[in-house]
Amino acid sequence: MEDREKLEALQKSTPARIGVGRAGTRPLTHTMLQFRRDHAAAVDAVYGEVDESILQQLGLFTVETCYGNKETYLKRPDLGRIITDEGIAVICERCVQQPQIQIVVSDGLSADAITANILDVYPALLDSLRVNDLNPGTSFYVKGGRVACMDHIGEVLQPDALVLLIGERPGLVTAQSMSAYMCYKPRKGTIESDRNVISNIHPGGTPPLEAAAHIGTMLKRMLERQTSGTNFF
Amino acid sequence: MDELSFTSVGIDIGTSTTKLIVSRLRLGRVSGALHLPRYEIIERELHYASPIYSTPLLSQDEIDMDEVARILRHEYDHIGLSLSEVKSGAVIITGETATKTNARRVVHYLAERSGDFVVAAAGADLEGLLAGKGSGAEQRSTEFPGVVANVDIGGGTANVAYFREGKAIGTVTFHVGGRLIRLDEQGLVHSVSQHLQKWLLERRIPLAEGSKTTPDQLKSIASAMCGEMLDYLSKEAVDPSFRHLIAGSPPPGPLPEIDELMISGGISTLMADREVPESMAAIARYGDIGPLLASSLRQQADKWPFRIVTSGQTVQATVIGAGMQSVEISGSTVHIDPAVLPLRNLPVLHLEYTGIRPEDWRQAADEAMLEAAKYALPEAEAPCAIALSGAVIHSYSTLQMVAQALLDTFTGHFPDAKIMVVVCEHDMAKALGQALSIRCGKCLNIVCIDQIRVERGDYIDIGEPLPGFLVPVVIKTLAFS
Amino acid sequence: MIKSMTMLGHTYHFNSLKEILAKANEEKSGDQLAGIGAADARERIAAKFVLADLTLSEIRNDPLLPPEEDEVSRVIEEAIDETVYNGIRNWSIAELREYILSHKAGPDELKRIGSGMTSEMIAAVAKVMSNIDLITAASQIRTVTRCNTEIGQRGVLATRAQPNHPSDSIPGILAATYEALSYGVGDAVIGINPVIDSAESVRAILSATKEMMDRWSIPTQNCVLAHVTTQMRALEQGAPMDLLFQSLAGTEQGNKGFGVNIRLLDEADGLMRLQGASQGPNQWYFETGQGSELSSYAHFGIDQLTLESRCYGLARKYKPFLVNTVVGFIGPEYLYDSKQVIRAGLEDHFMGKMHGLPMGVDVCYTNHMMAEQNDMENLGVLLTSAGVNFLIGVPMADDCMLNYQSLSFHDLAALRETFGLRPAPAFEQWLVKMGIMENGKLTDAAGDPTLFMG
């Protein structure tokens, strides 16, 4: 094999930035700038916001957590777990109480992840619930959410199971990766290991539509076995 | 489930020998806890290998089916294996035996009597492929970036399979094998295979049944057979007469460049013998020219540009391939109706959709089904398997259009079908299956599986689901075109 | 312990040693999240004044987490060399700092007094040291360890190659390893973080890396950073493992969160001595990082710097070959920005060295921290000047599996050449033989991973 082919074979085997060459001990200019570009996209995803028109298209209303601003959001994860009093009032007014399945969408650490994936994942998730004979309640969007905001919402709406679609901490490979957290009867005091998650949902990772299709199966099993968590599957 | 194992058998009825192996295949989860479940066969353990039996024949043209069945029963009893324990595997009929008059009946008969999901298989390409898997050539090709070819030389044929990055990329078969000339220690020729006769004739080598031959004549025949085969594989010019040694029609495109050649099969066992057979007695010690082919391969090994290595699995490569490597498993997120499984021998209809716009799907699917109608089984509950290859579909609206197009065209072409089988190359079966299922309601059972690559002309068998909702699959590849 | 301090016209009250230690820390978002940090800049300095005047015996006699209740405390207590301790017990933290920085001390003396100190004392002195203090002191101390090869000598900057792959693909892991080796990286360890925590997967990665090491006669060690129990199962299945890995926390409860305790670590240690592929005597690799105890609600109101120091107290029981803090991995709620990460990196390195550990650092950050690659390059330079035993490199600083950024292979090569440092001796000889390095510099052939494809 030619050297060029050998190098390509190596590069094909991993998404790692290999075979990039050097100037002395330092990377080449374009390689370095590509790295900086990807970091820039990641940082902007953290500080970005979900496009309002997308939420409207899906018919999701918005509530906020007590995060206040991005700096506080990053330093105080505890505040992102609590919905504001105003938010709770809206939820109580607009949502079906005690739904079988509650769907919640949140920006989390990447608004871009939601913008990029939700228009495909959300309707596919509704289909998946339908195929599994599951009934969703009233879905909504949480701005400034952390994973454990599930517990506060669970406490208020008392769903049998809740699924939270939330933006993940951006990486350099993609800033658009989303997770789906699922929990059987999330309530105050629910612990990490009671939840199940499908992570890395984006077109280059876990296929978004397939992830959505599988969520229905998982929720159905949770309801059948009346439990969820790391020891569940 | 995190781990699960099942038993698989391989049965090889070859030109000169018949053998059986029993293996344990272990499935393990290979995706992290935070990802969609994905299982793979993580270990294939050879559990038992039978003695090597002479293939029982009733006549030159007919296999002694009862005797093969008796061998099988004896072996199952001997190791205490019950049919219900055997969850997968393959019966393969190889080399010249595949041309016997009752070959087809024998493999099906045996497949049905060897376990729950044991498939019948035949064909030189498949044989070469299984040997290449069993010999370790497929695995070897994942270890460095180059092409590994396996040539499995037995009694009747030399089956070559090419692998790159763990994937089969081609096959070719030659009429090169030990049993093509049978003789005794006095040099009396008992038979010459008809495939060889044309070649001998064109090369003006006088060798006929009932005539006497000499060690020198046989040596030059063996040397020419092996030498030209390797010349052909390394793309050197060969004598025009060589076309007679190519089984079937010559491969359509150019053969891949080989970086490493692995040799398996009965002849490779004989290659370990460093002594060159000089006397007629030594040459004909097995009643054929096997020992000469082996020594001539060994002597000429340095001449070619690729590394030549002998496989760790020599004589058993094909049966090990059949028993341990024939079964694949689907992705773990699939949409199936367990009640309709297993499904056997479904002809594959292939639809490559790269570059097809969503609005053109209907036409593309229609054309593919029209073509498939030629070989599909319209009266069967499941007339065919629709294989989709192309990148994963990520857009919800595209997927809906695709599902509608597939369903409309399928029901149009196969109005009596009860089961619609879709096999996706990439991870999208559950999403597509759900979209299909929402559309067709109760009128069709949908079996939609993924992470299986099949081609037009293949046949596919789909087994009952293993816990975790993945299914074992056996693909019978008939050709690389 | 109740102390007060009047400063700039205000009196500050401190009700416990825990409080003094926490408030004397440089600003960290993790201490604020725990609600134990100083209220403002002046209170922080007041706490430092109070801490500076505490004696070592005062600190030892007022345990933050009593040995009866916490096994990490027991390990730390039991390791104290009483003779050494008795020689320094009446020193104040201020005096200890000045002794460490004085010309009287020197490498052997620093290690000697380290053996008479608890982890809390070492943490305490770090709190009254500036960044250059931490660098000067740490640069004195050398800790040489030996597994298959030896690292830690003066003049040596060793490196871990971290060739992770998002689905543990063996060809992918090997490809990134080739890239590392071609830059002279991988003398400390070829260490892979696996996605799949299963014995089979660990064994497969170890076998593949070992085969490569054998094929090219590479003098280094391999390691797969799975949970210790998974590695033990792989060992029992005959995996060729040179280093056994585990993440550590500074409290018994924190380690429980990691699924380990001292009995398990002892058992693993015994198994490794019997079944490990390396000669040793040093066969462990530990990782730590400020904030992990708070993240598992196992901090008992103790600040994250002190807890980090206690990790090192636990680590030294097992005479590891490598220890490093993964300094910026945990996120902005513990270390908010580059300033905090740089400070923590220097603190951790100094504290590890005072514990006599072969201390390295994973100079790293996540994308939701207020930090960027230049900050990491700065910290890399600072730590190299502080004599860090080893640094971690990933291709172009981007770990495509763990989704965070560390230093690049280029950075490690640049640090070596800029500071006139060399790879571990056996590894350098091998690099020379392979034509990758000459006179401590990369050759024209370096940086080409296809070197290893023949």
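Predicted, not measured: the structure shown is a model, and the values here were computed from it.

Caption draft 1: Just the overall build of chain B, in detail. If you tally the helices and strands in chain B, you get 13 helices and 22 strands. Taking 481 residues into account, the globule formula puts the C-alpha radius of gyration at 23 Å, and chain B, at 24 Å, falls close to it. Overall size of chain B, expressed as C-alpha extent along the three principal axes, is 75 × 50 × 45 Å. Buried residues in chain B amount to 58% of all 481 residues. In chain B, which carries 42 positive and 59 negative side-chain charges, the distance between the mean positions of the two groups comes to 0 Å.

Caption draft 2: Region of interest: helix H5 (residues 71–78) of chain C. Residue and element names in this part refer to chain C. Considered for burial, the residues of H5 that qualify are Glu 71, Val 72, Ser 73, Val 75 and Ile 76. Those residues of H5 that are buried lie in contact with helix H9 (119–127), helix H14 (252–257), helix H15 (262–275) and helix H17 (304–315). You can read the cap of H5 off the contacts: a side-chain oxygen lies 2.8 Å from the backbone nitrogen of Val 72, and it is on Asp 70.

Caption draft 3: Inspection of the interface of chain B and chain A at higher detail. Listed as interface residues are 25 residues of chain B and, on the opposing side, 26 residues of chain A. With both chains or domains summed, chain B and chain A bury close to 2200 Å², and 60% of this area falls on carbon and sulfur atoms. The interface formed by chain B and chain A holds 1 salt bridge in total. With a closest N to O distance of 3.4 Å, Glu 165 of chain B and Lys 12 of chain A form a salt bridge. At the junction of chain B with chain A, the criterion picks out 12 residue pairs in polar contact (both at pLDDT 80 or more). Here the side of chain B that touches chain A gets 5 residues from one element, more than from any other, and that element is helix H13 (residues 429–440) of chain B.

Caption draft 4: Geometry of the domain arrangement of chain B. Residues and elements named next belong to chain B. Here chain B is described as being made up of domain 1 (3–121), domain 2 (128–320) and domain 3 (330–476). One C-alpha centre belongs to domain 1, the other to domain 3, and the line joining them spans 28 Å. Each partner contributes to the interface: domain 1 provides 14 residues, whereas domain 3 provides 17 residues. For the domain 1 face of the interface with domain 3, the top three residues by lost area are Tyr 39, Phe 117 and Val 119, together amounting to 40%. Our count for the domain 1 to domain 3 interface comes out at 0 salt bridges. Joining domain 1 to domain 3, the criterion identifies 1 residue pair in polar contact (both at pLDDT 80 or more). Only strand S1 (3–13) and strand S8 (118–122) provide two or more residues apiece to the side of domain 1 that touches domain 3. If one sorts the elements of the side of domain 1 that touches domain 3 by residue count, S8 sits on top with 4 residues. Each residue belonging to the side of domain 1 that touches domain 3 can be placed in one class, and the counts come to 11 nonpolar, 1 polar and 2 charged.

Caption draft 5: Layout of the pattern of salt bridges. Counting across every chain of the model gives 51 salt bridges over all chains. A salt bridge links Arg 195 of chain A to Glu 192 of chain A, with the nearest nitrogen and oxygen atoms 3.5 Å apart. With relative accessibility at 7%, the residue Arg 195 of chain A sits in the buried group. With a shortest N-O distance of 3.6 Å, Arg 146 of chain C and Glu 150 of chain C are connected by a salt bridge. Residue Arg 146 of chain C is classed as partly exposed on the basis of its relative accessible area of 39%. Assessed through its relative accessible area of 35%, Glu 150 of chain C is described here as partly exposed. Sharing partners across several salt bridges, the network here consists of Arg 17, Arg 37 and Asp 38 of chain A together with Asp 398 of chain C.

Caption draft 6: Structural context of the environment of Val 432 of chain C. All names here are of chain C. In this fold, Val 432 is placed in helix H21 (residues 425–433). Given a relative accessible area of 42%, Val 432 falls into the partly exposed group. Sequence separation between Val 432 and Thr 443 is 11 residues, and the spatial gap between their C-alpha atoms is 9.1 Å.

Caption draft 7: Main features of the pairing of strand S2 (residues 10–14) of chain C. In the sheet, strand S1 (residues 3–7) of chain C pairs with S2 of chain C via 5 bridges, with the strands oriented antiparallel. Across the sheet, residue Ser 4 of chain C finds its bridge partner in S2 of chain C, namely His 13 of chain C.

Rules of the game
- Residues numbered from 1 in each chain as written.
- Chains lettered and ligands numbered in written order.
- Predicted model: local features only at pLDDT ≥ 70, side-chain atom pairs only at ≥ 80, totals over all residues.
- Heavy atoms only, no water.
- Helix = DSSP H or I, 4+ residues; strand = E, 2+ residues; numbered from the N terminus.
- Rg over C-alpha atoms; globule rule 2.2 N^0.38 Å.
- Buried < 20%, exposed > 50% of the residue type's maximum accessible area, 1.4 Å probe, protein only.
- Lys, Arg positive; Asp, Glu negative; His and termini not counted.
- Charge placed at Lys NZ, Arg CZ, Asp CG, Glu CD.
- Contact = heavy atoms within 4.5 Å.
- Polar contact = N/O pair within 3.5 Å; in protein donor to acceptor, adjacent residues only side chain to side chain.
- Buried area = accessible area lost by both parts, 1.4 Å probe.
- Salt bridge = Lys/Arg side-chain N within 4 Å of Asp/Glu carboxyl O.
- Domains from an automatic or database assignment.
- Nonpolar A, V, L, I, M, F, W, Y, C, P; charged D, E, K, R; others polar.
- Pairing = 2+ DSSP bridges.

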